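What the coordinates show
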Amino acid sequence: METWRLLDTGARSAAENMALDEILLELKAGEKIPHTLRFLQFSHPTVLVGHHQSVEEEVRLDYCQTQGIEINRRLTGGGALYWGTKELGWEIYISKKDPRIPSRIEDLYRRMGEAASLGLRHLGIRAYFRPRNDIEIQGRKISGTGGTELSSAILFQGTLLVDFDVDEMLRALRIPTEKLQDKEIESVKERVTCLKWELGRTPPMRTIKSALAKGFQEAFGVRFQEKPLTGEEEGELKNKLSYFSSQDYIFKIRNALPRRKTLSSILKAPGGLIRISVALDGKTQIINQILITGDFFAYPKRAIFDLESLLKNAKASPSNIEGIIRSFFSDKKPRIPGVTETHFVRAIEEAIQKMYLLPKGFDEEETHHLFPVLKPFKEVKKPEVLLLPYCAKELECGYRNLQGCEECGRCSVGDAAKMARSFGMDSITIQNYEELESTLSSLKHSGVRGFIGSCCEPFYGKHRPDFERIGLSGILIDVERSTCYDLGQEKEAFKGRFENQTHLNLPLLKKVLEYSHD
Ligand code: SF4
Ligand code: SF4
């Protein structure tokens with residue numbers, strides 16, 4: 001039976017762990033090391049952003065600095081993660097040519113996720129891989145996975161939550177926890193789980209490692225032989241450590257552009273959320289800077305940096321942007337599971353079209369809270385209807401779960417309805433998702449030209465394809481305060497049972513109404 005190396009690098013700093021990822025991947029690409037299963041832990045609580053994410057957008061820097069939480073950047077894509085010192089990481093370094101490695105990325109994720117799930121089942125828990133890249137126990141995530149590659153080598157890695165501190169995760173990552181009540185934090189906790197909660201105890205680390213190793217052993221038909229880092233690997237670690245500890249690596253390669261000087265857009269593709277930030281020269285309409293971030297996975301990982309370089313100093317016209325992106329995809333053939341060139345074209349064009357709002361009295365900050373539906377903003381002319389979400393109604397109001405509003409003045413919904421009337425528009429309050437769909441469809445069929453609405457950014461990100469399918473064009477304005485997504489209550493909210501109150505951005509609504517009736 002074939003033998004792979006089992007490498008247990010123990011508890012180390014974030015920088016050491018990230019440096020080792022690169023070293024092992026490079027050595028594997030040079031065929032200098034055998035196929036390897038590595039176990040890793042963190043010596044301090046750590047936040048790791050995905051390779052394509054901006055630290056400022058994802059992490060509460062002040063909190064992490066005061067609490068001694070280390071921050072670093074993974075080589076792999078995906079979202080930001082909080083790691084306590086009791087969590088365990090596993091990684092496989094393998095050659096792409098190995099016959100057990102599927103060529104389709106989606107199949108690779110399944111192969112690895114199923115191997116790790118098999119290992120977890122040896123601990124007596126019913127863990128199963130859930131596409132695209134999670135391992136779950138009865139709908140609660142215990143492990144996230146992801147990979148990257150370098151020439152002929154693959155690094156595939158996963159987290160395993162062992163004794164997880166959800167409260168600390170909420171404080172360390174950019175989730176608006178100041179506004180969360182205890183009960184709301186509970187609902188966030190319901191989305192994740194860890195070995196301790198599942199088993200009622202924390203198994204010894206060596207038991208967990210040997211169960212996971214057994215899973216990979218069975219899934220790949222190999223056995224493991226434990227070996228430490230080689231002299232070459234140790235030497236490389238000394239060389240690379242300062243770079244992986246540096247601000248240049250952790251922050252600067254994805255430094256957020258200042259919001260007050262940029263235009264932005266978000267687009268949820270099946271493979272992840274794309275965030276665009278672009279700084280334009282207002283006179284020449286040349287792109288000065290562009291940042292493409294998000295929790296997608298790109299192979300090779302430098303594809304996104306290359307695309308940004310091509311777009312920098314380019315004319316910000318839709319045809320030019322589209323031409324650059326399409327020729328980049330056809331020449332370089334990057335693989336970004338669940339994200340196509342069309343997603344990038346649309347996301348970038350949507351950020352750029354916001355430049356036409358600036359001479360109309362909007363500032364850059366305000367444009368971050370506006371989302372187009374189906375058509376560019378300037379084409380939504382004389383909308384007839386204002387759609388308002390029930391979550392902005394006062395919690396005690398008798399209309400909270402009913403259509404309508406008496407405009408009693410106790411919440412922003414009544415003020416918004418009055419504002420709509422002054423522009424000759426009807427306002428409709430929406431009580432749940434089904435009602436939103438049926439209202440949009442009947443408005444469309446009755447010949448309504450367009451709508452203005454309010455919803456939160458995550459709702460827009462997720463349901464944008466539904467708005468587009470229904471086919472009524474409009475402009476959506478972000479709501480303020482904690483959303484049901486922040487609180488993990490989106491399932492309840494879908495049915496109209498979100499128990500928090502958001503707030504409508506009335507000054508921005510007024511500007512949008514004036515702009516669209518100009
Ligand atoms: S303004 Fe309307 S929705 Fe708000 S509390 Fe009054 S009646 Fe209810
Ligand atoms: S998704 Fe939730 S927070 Fe967002 S608009 Fe709907 S109910 Fe409100």
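A brief report on the enclosed structure follows. (Residues numbered from 1 in each chain as written. Chains lettered and ligands numbered in written order. Predicted model: local features only at pLDDT ≥ 70, side-chain atom pairs only at ≥ 80, totals over all residues. Heavy atoms only, no water.)

1. Notes on the side chain of R73
- By the secondary structure assignment, R73 is in strand β4 (residues 70-73).
- Salt bridges are absent for the buried R73, whose nearest opposite-charge side chain, E56, sits at 6.4 Å.
- In this structure the side chain of R73 is engaged in a polar contact, spanning 3.0 Å, whose partner is the backbone oxygen of H51.
- Within polar-contact distance, the side chain of R73 engages the backbone oxygen of Q53 at 2.7 Å.
- With near-sequence residues (within four places) excluded, R73 lies in contact with M18, V49, G50, H51, H52, Q53, V55, Y249, I250, F251, I253 and R254. (Helix = DSSP H or I, 4+ residues; strand = E, 2+ residues; numbered from the N terminus. Buried < 20%, exposed > 50% of the residue type's maximum accessible area, 1.4 Å probe, protein only. Lys, Arg positive; Asp, Glu negative; His and termini not counted. Salt bridge = Lys/Arg side-chain N within 4 Å of Asp/Glu carboxyl O. Polar contact = N/O pair within 3.5 Å; in protein donor to acceptor, adjacent residues only side chain to side chain. Contact = heavy atoms within 4.5 Å.)

2. A look at the nonpolar core
- In terms of nonpolar packing, the biggest core is built from 82 residues, with L37, M112, L120, I142, L160 and F216 touching the most fellow members.
- The biggest single contributor to this core is helix α1 (residues 14-29), with ten residues.
- In this view, L120 contacts I125, A127, I135, I142, L160 and L212; residues no more than four positions away in its chain are not counted.
- Core analysis: the second largest hydrophobic core is formed by 54 residues, L273, I475, A493 and L513 among them. (Core = buried A, V, L, I, M, F, W, Y, C linked by side-chain atoms within 4.5 Å.)

3. Observations concerning the site of ligand 1
- The full set of residues close to ligand 1 is K393, E394, C397, C405, E406, E407, C408, G409, R410, C411 and G414.
- Tallied by class, residues from the shell around ligand 1 come to four nonpolar, two polar and five charged. (Near = heavy atom within 4 Å. Nonpolar A, V, L, I, M, F, W, Y, C, P; charged D, E, K, R; others polar.)

4. Side note on a positive patch on the surface
- The grouping of R132, K268, K462, K491, K495 and R497 at the surface amounts to a positive patch.
- Relative to the helices and strands, K462 resides in helix α17 (residues 457-470). (Patch = residues over 30% accessible without salt bridge, like charges linked within 9 Å, V, L, I, M, F, W, Y side chains within 5 Å. Areas by Shrake-Rupley, 256 points an atom, 1.4 Å probe, with all protein chains shown as cover. Charge placed at Lys NZ, Arg CZ, Asp CG, Glu CD.)

5. Section: the sheet that holds strand β12 (residues 263-269)
- Here three strands make up an open sheet; going across it, the order is β12-β13-β14 and the pairing antiparallel. Either end of the sheet is taken by a strand with one partner, and the two such strands are β12 and β14 (287-294). Averaged over all pairs of adjacent strands, the angle between strand axes in this sheet comes to 15°, irrespective of strand direction.
- Where strand β13 (residues 272-280) meets β14, seven bridges bridge the pair, whose relative direction is antiparallel. Along β14, the bridge assignment pairs R275 with T293.
- Contacts from helix α13 (residues 341-352) reach β12, β13 and β14 within the one sheet, and its direction differs from that of β12 by about 150°. (Pairing = 2+ DSSP bridges. Axes fitted to C-alpha atoms, helices over the stretch in contact; angles between N-to-C directions.)

6. Thoughts on the site of ligand 2
- C391, C455, C456, F459, T483, C484, Y485, A493 and F498 make up every residue found near ligand 2.
- Each residue belonging to the shell around ligand 2 can be placed in one class, and the counts come to eight nonpolar, one polar and no charged.

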